[in-house]
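Here are the chains, one letter per residue:
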Amino acid sequence: MPKTTLAPDHAKAMILAVADAVIAAEPYLSEADRNLGDGDHGLGMQRGFTAVKEKIGTLGAEEAIDKIFSAAGMAMISSMGGASGALFGTLFRDGGKALAGRADLDAAGLAAFLRGACDGVQARGKAQPGDKTMVDALHPAAARAAELTGLSLPEAIDAVAAAAEAGREASKAMIATLGRAKTLGEASIGHPDAGACSVVVILGAMREYINA
Ligand SMILES: [Mg+2]
């Protein structure tokens with residue numbers, strides 16, 4: 001049964017499902033980073049989400065939904081290292097902060113999460129859409145979510161995940177001006193950004209969990 005709202009226990013289960021999906025995607029993410037960067041992205045994400053799983057397991061049943069996502073982000077920041085650790089950790093930490101005061105996650109909560117996540121990542125990394133970074137998947141996802149706050153959560157996450165996929169695909173044609181491939185110039189054309197690939201894996205796993 002698709003879930004129309006996520007209580008804190010569901011949010012924890014969803015983050016664990018996201019972690020498993022990211023860990024399983026290590027070869028795909030490593031390959032994506034090898035095409036444009038140093039190839040360490042998949043292993044870094046695997047390390048970060050292994051720490052996330054450990055952290056989620058220590059949270060009490062009374063933990064509020066904003067704190068669950070923020071704790072996942074902090075676990076990534078303290079375990080992954082590098083630019084990806086700071087940026088993907090910020091995605092979850094600041095997305096979580098934007099859920100403060102909410103008892104559960106619905107479509108409006110998803111939009112708040114993604115707005116906070118994208119604003120936080122952009123403030124930290126200074127990337128704009130078009131720079132060929134994770135923002136090229138995250139920004140369209142956040143923009144789509146903001147249009148869909150009246151929909152059910154399963155409908156909203158479907159559209160949001162599709163927007164992230166379209167953003168990842170669009171990043172193939174971009175010339176990197178920031179991030180892992182900025183020194184490659186036109187040689188960066190043809191491959192998607194690895195961070196955008198990770199955003200798609202994360203939102204795709206959320207879609208799968210919510211719609212299961
Ligand atoms: Mg790298």
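Up top is the structure these notes are about.
Throughout this description, residue numbers start from 1 for each chain and increase along the sequence as written. With pLDDT at 70 or above as the cut-off, local features in this predicted model cover only qualifying residues; side-chain atom pairs require 80 or more to be listed or tallied, and sums for whole chains, interfaces and linings still use all residues. Derived side-chain values reflect all non-hydrogen atoms in the structure, with water molecules and hydrogen atoms excluded from consideration.

The subject of this paragraph is the overall build of the protein. Across its full length, the protein carries nine helices and zero strands. Dimensions along the principal axes, computed over C-alpha positions, put the protein at roughly 50 × 35 × 30 Å. Here's how the labels work: a residue is buried when its accessible area is under 20% of the maximum for its type, exposed when over 50%, partly exposed in between, all with a 1.4 Å probe on protein chains only. Buried residues in the protein amount to 52% of all 212 residues. The contacts of the protein with a sequence gap of at least 6 include a subset with a gap of at least 24, amounting to 69%. Counting every atom, the protein has about 8,500 Å² of accessible surface; 56% of that belongs to carbon and sulfur. We count Lys and Arg on the positive side and Asp and Glu on the negative side, and we leave His and both chain ends out. Working definition for charges: the position is that of NZ of Lys, CZ of Arg, CG of Asp or CD of Glu. The protein carries 20 positive and 25 negative side-chain charges, and their two centres are separated by 3 Å. In DSSP terms, a helix is any run of H or I states spanning at least four residues, a strand is any run of E spanning at least two, and both are numbered starting from the N terminus. Here a residue-residue contact requires only that any non-hydrogen atoms of the pair lie within 4.5 Å. Every accessible area reported is derived by Shrake-Rupley at a probe size of 1.4 Å, with residue values counting cover from the shown protein chains alone.

Turning our attention to the pattern of salt bridges. Opposite charge on two side chains allows them to pair when their charged atoms are near. Any Lys or Arg side-chain nitrogen located within 4 Å of an Asp or Glu carboxyl oxygen qualifies as a salt bridge. Within this structure, the stated rule accounts for 12 salt bridges. Residues R102 and D106 are paired through a salt bridge, measuring 3.9 Å at the closest nitrogen-oxygen approach. R102 gets classed as partly exposed once you look at its relative accessible area, which sits at 30%. Between E169 and R168 there is a salt bridge, with the nearest N and O atoms lying 3.0 Å from each other. The exposure class assigned to E169 is partly exposed, which follows from its relative accessible area of 36%. Judged by its relative accessible area of 17%, R168 is buried. Salt bridges sharing partners connect three or more residues here, namely D33, R180 and D193.

Along the polypeptide, D193 turns up in the loop between helix 8 (153–171) and helix 9 (194–211). Look at D193 and you get buried, because its relative accessible area is 2%. Apart from the residues lying within four places of it in its own chain, the contact partners of D193 are L36, K132, T133, M134, S171 and R180.

Here the focus is the coordination of the magnesium ion. Protein coordination of the magnesium ion is provided by D33 (OD), D38 (OD) and D40 (OD), with donor distances spanning 2.1 to 2.3 Å. In this listing, donors mean N, O and S atoms no farther than 2.8 Å from the metal, or 3.2 Å for Na, K and Ca; water is missing from the atoms, so a site can look incomplete. In the primary sequence, the donor residues of the magnesium ion line up as D-x4-D-x1-D. By relative accessible area, which is 60% here, D38 ends up exposed. Since its relative accessible area comes to 45%, D40 is described here as partly exposed.

Now for the packing of aromatic side chains. In this analysis, rings of Phe, Tyr and Trp, with Trp reduced to its six-membered ring, are considered paired at centre separations within 6.5 Å, and the interplanar angle assigns stacked below 30 degrees, edge-to-face beyond 60, and tilted for intermediate values. One pass over the full model with this rule turns up three aromatic pairs. When the centroid spacing of 5.9 Å and the interplanar angle of 75 degrees are considered together, the rings of F49 and F92 count as edge-to-face. Of the two residues, F49 is situated in helix 3 (residues 41–58) and F92 in helix 5 (residues 82–97); the sequence distance between them amounts to 43 residues. Among the residues examined, F49 registers a relative accessible area of 0% and is labelled buried. An angle of 70 degrees between the planes, with centres 6.1 Å apart, marks the rings of F92 and F113 as edge-to-face. Here the residue F92 occupies a position in helix 5, and F113 occupies one in helix 6 (residues 107–125), the gap between them amounting to 21 residues. For F92, a relative accessible area of 1% translates into the label buried. Judged by relative accessible area, F113 falls into the buried class, the value being 2%.

On to the environment of F92, then. Each C-alpha atom, one on F92 and one on K132, is 20 Å from the other, the two residues being 40 residues apart in sequence. Beyond its immediate sequence surroundings of up to four residues, F92 is in contact with V18, F49, F69, S70, A72, G73, M76, F113, I202 and M206.

Here, the term nonpolar core denotes a set of buried Ala, Val, Leu, Ile, Met, Phe, Trp, Tyr and Cys residues that are joined through side-chain atoms within 4.5 Å. If you look at the biggest cluster of nonpolar residues, it comprises 65 residues, and the most contacted ones within it are F49 and F92. It is helix 9 that provides the largest number of residues to this core, a total of 12 residues.

Although it is not a glycine, K126 adopts a positive phi angle of roughly 65 degrees. Looking at the element boundaries, K126 is found in the loop between helix 6 and helix 7 (135–147). Notably, K132 is not glycine yet its phi reads approximately 70 degrees, a positive angle. Within the element layout of this structure, K132 appears in the loop between helix 6 and helix 7.

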